[in-house]
Every structure is written in C-alpha cells, then in structure tokens.
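# Coordinates in review
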Amino acid sequence: MLPVKVALNSKDIMTNGIRKVKTSDLDLKDRLVSIQRVTKVTKGGRTFSFSAIVVVGDEKGIAGHGLGKAKEVTTAIAKGVEDAKKNLVKVPVLHGTIPHEQVAKFGGARVFLKPASEGTGVKAGGAMRAVLESFGIKNVLAKSKGSSNPHNLVKATFAALLELRDAHTVAEHRGVTMNKVFNG
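The structure displayed is predicted, hence computed values, not measured ones.

## Structural notes on the nonpolar core
Within the largest apolar cluster, 27 residues are counted, with the highest numbers of intra-cluster contacts made by L113, L132, F135 and L161. Sorting elements by how many residues they give to this core places helix α4 (residues 150–162) first, with six residues. Each residue touching L113, except ones within four places of it in the same chain, is listed here: I98, H100, E101, Q102, M128, L132, L141, A142, A160 and L161. Ranked by size, the runner-up nonpolar core spans 10 residues in total, among them V54, V56, I62 and A76.

What follows is the structure, encoded as structure tokens:
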C-alpha cells in the first residue's frame, strides 16, 4: 500500500492537535540553546559560519523554536529568532506545571516529562530547560535519554509538550462533563 500524503490546512491544524499562534502583540523573550561553528573546506581554504538554535516564548504557554545560519554569530541568532517566531505553538500550563506525564521521541533523542509540586523548580538539562522555561513551566521533572544533540532534544521536547491535553480539552473531545473525566 502506498503512503498517503496529507496537506494540512487551518482546520486540520486544530483537529490534529497542533495549536499554532500568531505573533501579534506577544511579549516574546528569546533564549539561545546552542551555537555551533561550522567549517567548510574548499580549495581556497576554510570558510567558517555559525548555526544557532533559538527558543522564543512569552512564558505564558506560548513558544517556538528556530534555526539560524550565517557568517556572523549575531546574524545567525537574529535569523534563528525570526524562524522561531514563525513556529509558535500553545501548550496547556496548569499552576506552573504540566497536566500529566509525557514521553516523546525525535530522532535519537527521547524525553520524559513529569509534573512536579510547587517549589520543585525546573529539573531539566540544557536544551530542555530553555524550552520549558520559555513556555513558562516553573515546576517540572524532566529526563533526556539517548542522544544529547540539542537540535533533536528541542524538537523532542516540543513534541512531548504538544501532546499534552488539559482536563477541559479531554472533556470537550469526549463530549462529557468535567466531573465525568475526573470521577469516571
């Protein structure tokens, strides 16, 4: 059987769980996750350029990630910020933490996220920390397994956060009351 290609439109984006957000009137803060110096060897010698992974977010449940490449560091970061603003998504944040445990994988990177009680803080490593703080998640336990490549870690963390659903969304999806969701 041949694979089916699906083109997503604005209606499909909401039904498939991807919650895209427009950048208008948002106070976004950018965080640099990683910067790499890349060398290209040609017959004329070595050419250096930089690639930067950037996460932008409003710390109220909206964030995005982007990759910028340029000959200079500042230009690469600026391009990364612009790319991140084009990929903004919204996730549910309840009382500074996530609604439930979540596991996700992207490439060789696997991430595990678990809600934490007030006062715990963000227990997460490098690339995951930047993503979680950009979303405004204040209390969470996180573990990365497999690859520690920051590109894949950022994408795996976003994948895990995009799969989160709060109780209201679950009730609406199932067509039942909130009481039925919690008490069966």
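## Concerning the side chain of Q102
Mapped onto the elements, Q102 comes out in strand β5 (residues 102–106). With residues up to four places along the chain from it excluded, the contact list for Q102 reads V111, F112, L113, A160, E163 and L164.

## Overview of the sheet that holds strand β4 (residues 89–90)
Strands sit in the order β1-β2-β3-β4 across an open sheet of four strands; the sheet is antiparallel. Each having just a single partner strand, β1 (29–42) and β4 make up the two edges of the open sheet. Sitting on the sheet, helix α2 (residues 73–86) is in contact with β1, β2 (45–57) and β3 (62–70), with an inclination near 145° to β3.

## Here's the deal with the pattern of salt bridges
One pass over the full model with this rule turns up four salt bridges. Here E59 makes a salt bridge to K29, at a shortest N to O gap of 3.5 Å. With a gap of 30 residues between them, E59 in the loop between β2 and β3 and K29 in strand β1 connect regions that are remote in the sequence. For E59, a relative accessible area of 25% corresponds to the partly exposed category. Put simply, E59 and R31 hold a salt bridge, and the shortest N to O gap is 3.0 Å. You can see E59 sitting in the loop between β2 and β3 and its partner R31 sitting in strand β1, a full 28 residues away along the chain. Salt bridges here are not isolated pairs; linked through shared partners, they connect K29, R31, E59, R129 and E133.

Rules of the game
Residues numbered from 1 in each chain as written. Predicted model: local features only at pLDDT ≥ 70, side-chain atom pairs only at ≥ 80, totals over all residues. Heavy atoms only, no water. Core = buried A, V, L, I, M, F, W, Y, C linked by side-chain atoms within 4.5 Å. Buried < 20%, exposed > 50% of the residue type's maximum accessible area, 1.4 Å probe, protein only. Helix = DSSP H or I, 4+ residues; strand = E, 2+ residues; numbered from the N terminus. Contact = heavy atoms within 4.5 Å. Pairing = 2+ DSSP bridges. Axes fitted to C-alpha atoms, helices over the stretch in contact; angles between N-to-C directions. Salt bridge = Lys/Arg side-chain N within 4 Å of Asp/Glu carboxyl O.

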